[in-house]
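Each chain, written out:
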Amino acid sequence: MNGIGVAGKTVLVTGGAQGIGRAIAERFAAYGARIAIADVNEEAGAALARTLAEAGREALFVRCDVSRLDEVRGLASEVRAKLGPADVLVNNAGIFPRADLMGTDEAFWERIMGINLKGAYLMCQAFVPGMIERGGGSIVNIGSTHARSGDPAAMAYAVSKGAVVTLTRNLAKGLAKHGIRVNCVQPGWVASEGETSRLRATGTDPDKLFAEASARLPMGRIQTGEDIADGVLFMASGLSSQVTGQVLTVDGGLSLR
Ligand SMILES: NC(=O)c1ccc[n+]([C@@H]2O[C@H](COP(=O)([O-])OP(=O)(O)OC[C@H]3O[C@@H](n4cnc5c(N)ncnc54)[C@H](O)[C@@H]3O)[C@@H](O)[C@H]2O)c1
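Structural notes, computed from the coordinates. Note that this is a predicted model, so its numbers are computed, not measured.

1. Topic: helix α7 (residues 193–201)
Then step 1. Glu-195, Thr-196 and Leu-199 are the residues of α7 that are buried. Taken around the axis of α7, the buried residues stretch over an arc of 100°, which confines them to a single face. Exposed and facing more than 90 degrees away from the buried side of α7 are Arg-200 and Ala-201.
Then step 2. Tucked into the core, α7 has its buried residues touching α8 (206–216).
Then step 3. Phi turns positive one or two residues past the end of α7, at Gly-203, with a value near 80°.

Structure below.
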């Protein structure tokens, strides 16, 4: 890719129906990419694909649970048939329920790892052959600053995101010979639909909490989905053609504390 170089490329975003994933899909669409959205939320995913199509973009929604091999394989076939092999894969689908060590039972652990970690591995396995055929591609995994800082109250989540960084570096090393770059973008704190409803469910006022957190951050605010989308766009574009196996932290300075 030269320059931004995403126009006309096929970009697949998992968890693209809402939150950070939706902002990523919209950002790539604005730069002329063909968008495939994979999500378990059929209503929101299909609505976004319709909105993008009405704005003149090529957009496809496929219902897919990224933790299920059969569904990921079905997704790969459908995207290939309708848009061709993906040039860019954004592994964004993720869940973030919180529990400490003693509050984490086996099913809880396996659910988080199944979506946040195994989902990314299954997606890479399904989409890398098409990238090899095309002579290259770019994979961007969405991590979290929890990977480095840890969070004892969200133990399995932090571990899953740490493993996403290891997956990123590992695949980057193995796939560079095929012209495939693999990078990670780590958001700090984003007022996404998922995060807002998680906070509401615990009786917390999200707006109040986000305002307090913003005041404490070096850059003065928590992040938006668009902030993260800009990082992903950079990592997937020709502007980062010699960058692979790296982590880009988009956190307004949170991790400097
Ligand atoms: N919001 C934050 O503060 C924050 C911070 C750091 C990292 N992240 C990461 O960013 C990513 C997106 O988070 P968000 O805040 O936008 O969340 P969100 O809940 O608003 O959106 C997540 C999307 O993923 C989809 N999804 C969930 N399970 C899925 C599955 N099994 N298969 C396919 N799709 C599935 C959901 O339906 C939803 O559309 C996640 O990986 C999350 O861990 C978020």
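2. Let's talk about the packing of aromatic side chains
Then step 1. For the structure on display, the rule yields 2 aromatic pairs.
Then step 2. Taken together, a centroid distance of 6.2 Å and an interplanar angle of 75° make the contact between Phe-96 and Tyr-157 edge-to-face. With Phe-96 in the loop between β4 (88–91) and α4 (106–134) and Tyr-157 in helix α6 (residues 155–175), this residue pair connects regions lying 61 residues apart in the sequence.
Then step 3. A residue is classified by how much of its surface remains accessible, and Tyr-157, at 11% relative accessible area, is buried.
Then step 4. Ring geometry for Trp-189 against Phe-210: centres 5.4 Å apart, planes inclined by 80°, an arrangement best described as edge-to-face. Note that Trp-189 is positioned in the loop between β6 (180–187) and α7 and Phe-210 in helix α8, a separation of 21 residues in sequence.

3. Digging into the packing of helix α3 (residues 69–83) against α4
Then step 1. It is the contact of α3 with α4, at a shortest axis distance of 8 Å, that shows an interaxial angle of 30°. With respect to each other, α3 and α4 are oriented roughly parallel. Along this stretch, α3 crosses α4, giving a crossing that reads as right-handed. Every residue of α4 that contacts α3 at Leu-69, Val-72, Leu-75, Ala-76, Val-79, Arg-80 and Leu-83 is listed here: Leu-122, Met-123, Ala-126, Phe-127, Gly-130, Glu-133 and Arg-134.
Then step 2. In the contact of α3 with α4, the residues fall into 10 nonpolar, 1 polar and 3 charged.

4. Notes on the sheet that holds strand β1 (residues 10–14)
Then step 1. Overall, parallel pairing links the 7 strands, which are arranged β3-β2-β1-β4-β5-β6-β7 in an open sheet. Only two strands of the sheet have a single partner each, and these edge strands are β3 (59–63) and β7 (247–250). Put simply, the sheet's adjacent strands are angled 15° from each other on average, direction ignored.
Then step 2. Pairing of β6 with β7 involves 4 bridges; the strand directions are parallel. Across the sheet, the residue bridging to Cys-184 is Val-247, located in β7.
Then step 3. Packing against the sheet, α4 makes contact with β1, β4, β5 (137–142) and β6, and its axis sits at approximately 170° to β4.

Rules behind the numbers
- Residues numbered from 1 in each chain as written.
- Predicted model: local features only at pLDDT ≥ 70, side-chain atom pairs only at ≥ 80, totals over all residues.
- Heavy atoms only, no water.
- Buried < 20%, exposed > 50% of the residue type's maximum accessible area, 1.4 Å probe, protein only.
- Helix = DSSP H or I, 4+ residues; strand = E, 2+ residues; numbered from the N terminus.
- Arc of directions from axis to C-beta.
- Contact = heavy atoms within 4.5 Å.
- Phe/Tyr/Trp six-rings, centres within 6.5 Å; stacked < 30°, edge-to-face > 60°.
- Axes fitted to C-alpha atoms, helices over the stretch in contact; angles between N-to-C directions.
- Parallel < 35°, antiparallel > 145°, perpendicular 65-115°, else oblique.
- Left-handed = near helix turned anticlockwise from the far one by under 90°.
- Nonpolar A, V, L, I, M, F, W, Y, C, P; charged D, E, K, R; others polar.
- Pairing = 2+ DSSP bridges.

Everything listed here is a matter of geometry and, on its own, says nothing about what the molecule does.
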